[in-house]
Amino acid sequence: MNLELAAIPLAFLAGILGVLSPCVWPLVPIVMGSAASQHRFGPYALALGLSIAFALAGTALSFVLVSFELDPEIFRYI
């Protein structure tokens, strides 16, 4: 399987897990409350948007690292 294609679902999963990070939890009620006050589907749109944004950022970073033949492990430690 192509490396870039394999990175897409992994980046999407990382985006979903990134939202569950402990440093984000204190902000969840505030952001979800604001999203819910705008529209009844606001919290779902927010979760989907965050997941897509993290997935695209992870995929783009993976693509850049592979394009420049850099080891992604180095950036995990940084």
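### Points about the overall build of the chain
Here is step 1 of the chain: If you tally the helices and strands in the chain, you get four helices and zero strands.
Here is step 2 of the chain: Counting from the amino terminus, the chain carries its helices and strands in the arrangement α-α-α-α.
Here is step 3 of the chain: In the chain, which comprises 78 residues, the proportion classed as buried is 13%.
Here is step 4 of the chain: If you sum the accessible surface of the chain, you get close to 6100 Å²; carbon and sulfur atoms cover 76% of it.

### Re the packing of helix 2 (residues 28-38) against helix 3 (residues 42-67)
Here is step 1 of the chain: Two numbers describe how helix 2 lies on helix 3: the axes approach to 7 Å, and their chain directions differ by 125°. When the interaxial angle is binned, helix 2 and helix 3 end up oblique. Contacts between helix 2 and helix 3 involve Val31, Met32, Ala35 and Ala36 from the first element and Gly42, Pro43 and Leu46 from the second.
Here is step 2 of the chain: Class assignment for the residues of the contact of helix 2 with helix 3 results in six nonpolar, one polar and no charged.

### Focus on the environment of leucine 10
Here is step 1 of the chain: Secondary-structure assignment places leucine 10 in helix 1 (residues 3-19).
Here is step 2 of the chain: Remark: the alpha-carbon pair of leucine 10 and glycine 58, spanning 48 residues in sequence, is separated by 8.6 Å.

### Overview of the packing of aromatic side chains
What characterises a pair of aromatic rings is the spacing of the ring centres plus the angle enclosed by the ring planes.
Here is step 1 of the chain: Applying the stated criterion to the full structure yields one aromatic pair.
Here is step 2 of the chain: Look at phenylalanine 41 and tyrosine 44: their rings are 6.4 Å apart centre to centre, the planes differ by 50°, and that puts the pair in the tilted class.

### Some points on the confidence of the model for the chain
Here is step 1 of the chain: Per-residue confidence for the chain gives a mean pLDDT of 78; residues scoring 70 or more make up 82%.
Here is step 2 of the chain: For the chain, the element scoring lowest by mean pLDDT is helix 1, at 69; helix 2 scores highest, at 86.

### Brief notes about the environment of leucine 46
Here is step 1 of the chain: Counting through the fold element by element, leucine 46 comes out in helix 3.
Here is step 2 of the chain: With relative accessibility at 23%, the residue leucine 46 sits in the partly exposed group.
Here is step 3 of the chain: Sequence separation between leucine 46 and valine 31 is 15 residues, and the spatial gap between their C-alpha atoms is 8.7 Å.
Here is step 4 of the chain: Residues contacting leucine 46, with those up to four places away along its chain left out, are Val31, Met32 and Ala35.

### A closer look at a nonpolar patch on the surface
Here is step 1 of the chain: A contiguous nonpolar surface patch, about 440 Å² in accessible area, is contributed by Phe12, Ile16, Leu48, Ile52 and Leu56.
Here is step 2 of the chain: Of all the secondary structure elements, the ones that give two or more residues to the nonpolar patch are helix 1 and helix 3.
Here is step 3 of the chain: Examining the composition of the nonpolar patch, we find that three residues originate from one element, helix 3, more than from any other.
Here is step 4 of the chain: With respect to the helices and strands, isoleucine 16 occurs in helix 1.

Calculation criteria
- Residues numbered from 1 in each chain as written.
- Predicted model: local features only at pLDDT ≥ 70, side-chain atom pairs only at ≥ 80, totals over all residues.
- Heavy atoms only, no water.
- Helix = DSSP H or I, 4+ residues; strand = E, 2+ residues; numbered from the N terminus.
- Buried < 20%, exposed > 50% of the residue type's maximum accessible area, 1.4 Å probe, protein only.
- Areas by Shrake-Rupley, 256 points an atom, 1.4 Å probe, with all protein chains shown as cover.
- Axes fitted to C-alpha atoms, helices over the stretch in contact; angles between N-to-C directions.
- Parallel < 35°, antiparallel > 145°, perpendicular 65-115°, else oblique.
- Contact = heavy atoms within 4.5 Å.
- Nonpolar A, V, L, I, M, F, W, Y, C, P; charged D, E, K, R; others polar.
- Phe/Tyr/Trp six-rings, centres within 6.5 Å; stacked < 30°, edge-to-face > 60°.
- pLDDT = per-residue confidence, 0-100.
- Patch = residues over 30% accessible without salt bridge, like charges linked within 9 Å, V, L, I, M, F, W, Y side chains within 5 Å.
- Salt bridge = Lys/Arg side-chain N within 4 Å of Asp/Glu carboxyl O.

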